[in-house]
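Below are the chains, spelled out letter by letter.
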Amino acid sequence: MARMIALVPAAGTGSRFGAPSPKQYLQLNGKPLMWHTLATLAAVPAIDEVAVVISPQDEWFDDFAWALPKLSVHRVGGASRADSVAAGLAALACADDDWVLVHDAARCCLSVAAAERLIATLADHPVGGLLALPVPDTVKRADGDGRVSATVPRNGLWLAQTPQMFRAGTLVRALDGGGADITDEASAIERLGLKPQLVEGDAQNFKVTYPRDLALARAILAARDAQ
Ligand code: C5P
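Procedures and definitions
- Residues numbered from 1 in each chain as written.
- Predicted model: local features only at pLDDT ≥ 70, side-chain atom pairs only at ≥ 80, totals over all residues.
- Heavy atoms only, no water.
- Pairing = 2+ DSSP bridges.
- Helix = DSSP H or I, 4+ residues; strand = E, 2+ residues; numbered from the N terminus.
- Axes fitted to C-alpha atoms, helices over the stretch in contact; angles between N-to-C directions.
- Contact = heavy atoms within 4.5 Å.
- Buried < 20%, exposed > 50% of the residue type's maximum accessible area, 1.4 Å probe, protein only.
- Arc of directions from axis to C-beta.
- Parallel < 35°, antiparallel > 145°, perpendicular 65-115°, else oblique.
- Left-handed = near helix turned anticlockwise from the far one by under 90°.
- Nonpolar A, V, L, I, M, F, W, Y, C, P; charged D, E, K, R; others polar.
- Phe/Tyr/Trp six-rings, centres within 6.5 Å; stacked < 30°, edge-to-face > 60°.
- Lys NZ or Arg CZ within 6 Å of the ring centre and 35° of its normal.
- Near = heavy atom within 4 Å.
- Polar contact = N/O pair within 3.5 Å; in protein donor to acceptor, adjacent residues only side chain to side chain.
- Areas by Shrake-Rupley, 256 points an atom, 1.4 Å probe, with all protein chains shown as cover.
- 1 Å grid on protein atoms, 1.4 Å probe; cavity = no way out; pocket = protein on both sides within 12 Å on 5 of 7 lines; lining within 4 Å.
- Sits in = over half its atoms within 2 Å of the grid points.

Draft legend 1. The arrangement of the sheet that holds strand β10 (residues 158-167) in detail. Ordered by their spatial adjacency, 7 strands build an open sheet running β5-β4-β1-β6-β10-β7-β11, and the pairing between neighbours is mixed. Two strands in the sheet have a free side with no partner beyond their single neighbour: β5 (71-74) and β11 (197-200). For this sheet, the mean angle separating the axes of adjacent strands, direction not counted, is 30 degrees. The sheet strands contacting helix α1 (residues 33-42) are β1 (4-9), β4 (49-53) and β5, and the helix crosses β4 at an angle near 155 degrees. The sheet strands contacting helix α4 (residues 168-175) are β6 (99-102) and β10, and the helix crosses β10 at an angle near 120 degrees.

Now the structure itself:
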């Protein structure tokens, strides 16, 4: 039977965040930010393994007792997100028809329910797909001076989130050749001429990118703990 593997690329340096350690290791409600991400994935019954990809130069991972079921660690991260995912897939030696859910380490407020919705929707899908949100706001295009040069119709526009769920064999083929311009797995799949399915996510599954995002992540996780 096909396995279901969550693959978490966590070899980024978080340069936009500007902290001394990468953002995935910042303390959030008493644990590293990425612990919350990995714990949610491990709590999804359909997921067999949670594989985290860190940099070979990582100095932080071993400082914490992660104590999570299903966890495997691969010190094979590369220069870009796509390289890290491709190296993780190679290290895992998946069967072609295994499902892989690639999830950003910094989306620490993913809910078990959203991951299960993705898995249930795509169980028999020929391509796979991703959590995403329809764009709720009016969208502006800026010129070089930060002025509005156009209003872009938002109809049909979605914001891509993760997990992004594809068959391992397809993903390996899609990521072959890599490229820093591949900012998510779905865009690599699209390059093969395939059409990933959009599955509605939720706003809580945002990516912690700037220091100002931490307060919101803290509040969401604390509210869940209190339930
Ligand atoms: O930089 P960004 O937030 O888009 O990164 C998305 C995810 O990819 C993060 O979890 C980050 O750690 C990971 N990444 C990686 N290897 C890189 C760059 C980013 O695993 N070289």
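Draft legend 2. Here's a closer look at helix α3 (residues 112-122). Of all the positions in α3, only Ala114, Ala115, Leu118, Ile119 and Leu122 are classed as buried. On an axial view of α3, the arc spanned by its buried residues comes to 135 degrees, and they lie on one face. Looking at the packing, one finds that the buried side of α3 touches β1, β6, β7 (128-134), β10 and β11.

Draft legend 3. Region of interest: the packing of helix α2 (residues 81-92) against α4. Two elements in contact, α2 and α4, have axes separated by 10 Å at closest approach and are oriented at 135 degrees. Looking at the two axes, α2 sits oblique to α4. The hand of the α2/α4 crossing is left-handed. Between α2 and α4, the contacting residues are Ala82, Val85, Ala86 and Leu89 on the first element and Leu171, Val172 and Leu175 on the second. Split into classes, the residues belonging to the contact of α2 with α4 amount to 7 nonpolar, no polar and no charged.

Draft legend 4. Layout of the packing of aromatic side chains. Enumeration over the complete set of coordinates arrives at 4 aromatic pairs. Relative to tryptophan 66, the ring of tyrosine 25 has its centre 6.4 Å away and its plane inclined at 65 degrees; by these criteria the two rings are edge-to-face. Taken together, the residues tyrosine 25 in the loop between β1 and β2 (27-28) and tryptophan 66 in the loop between β4 and β5 connect sequence positions 41 residues apart. Given a relative accessible area of 9%, tyrosine 25 falls into the buried group. Its relative accessible area of 5% is what places tryptophan 66 among the buried residues. A centroid spacing of 4.7 Å and a plane angle of 10 degrees characterise the contact between phenylalanine 61 and tryptophan 66, whose relative ring orientation is stacked. One aromatic cluster in this structure is built from Tyr25, Trp60, Phe61, Phe64 and Trp66. Positioned above the aromatic ring of tryptophan 35 is the side chain of lysine 31, whose terminal nitrogen or guanidinium carbon lies 4.3 Å from the ring centre.

Draft legend 5. Spatial organisation of the site of the ligand. Surveying the vicinity of the ligand reveals 15 residues, the closest of which are Pro9, Ala11, Gly78, Ser84 and Lys207. In the environment of the ligand, an oxygen atom lies 2.6 Å from a nitrogen or oxygen atom belonging to the backbone of proline 9. In the environment of the ligand, an oxygen atom lies 3.1 Å from a nitrogen or oxygen atom belonging to the backbone of alanine 105. In isolation the ligand exposes 460 Å². Once the protein is present, 82% of that is buried. The site holding the ligand turns out to be the largest pocket.

Draft legend 6. Spotlight on the side chain of serine 21. Residue position: serine 21 is located in the loop between β1 and β2. Contacts of serine 21, omitting those with residues within four sequence positions, involve Leu26 and Trp60.

That is the geometry; function is a separate question.
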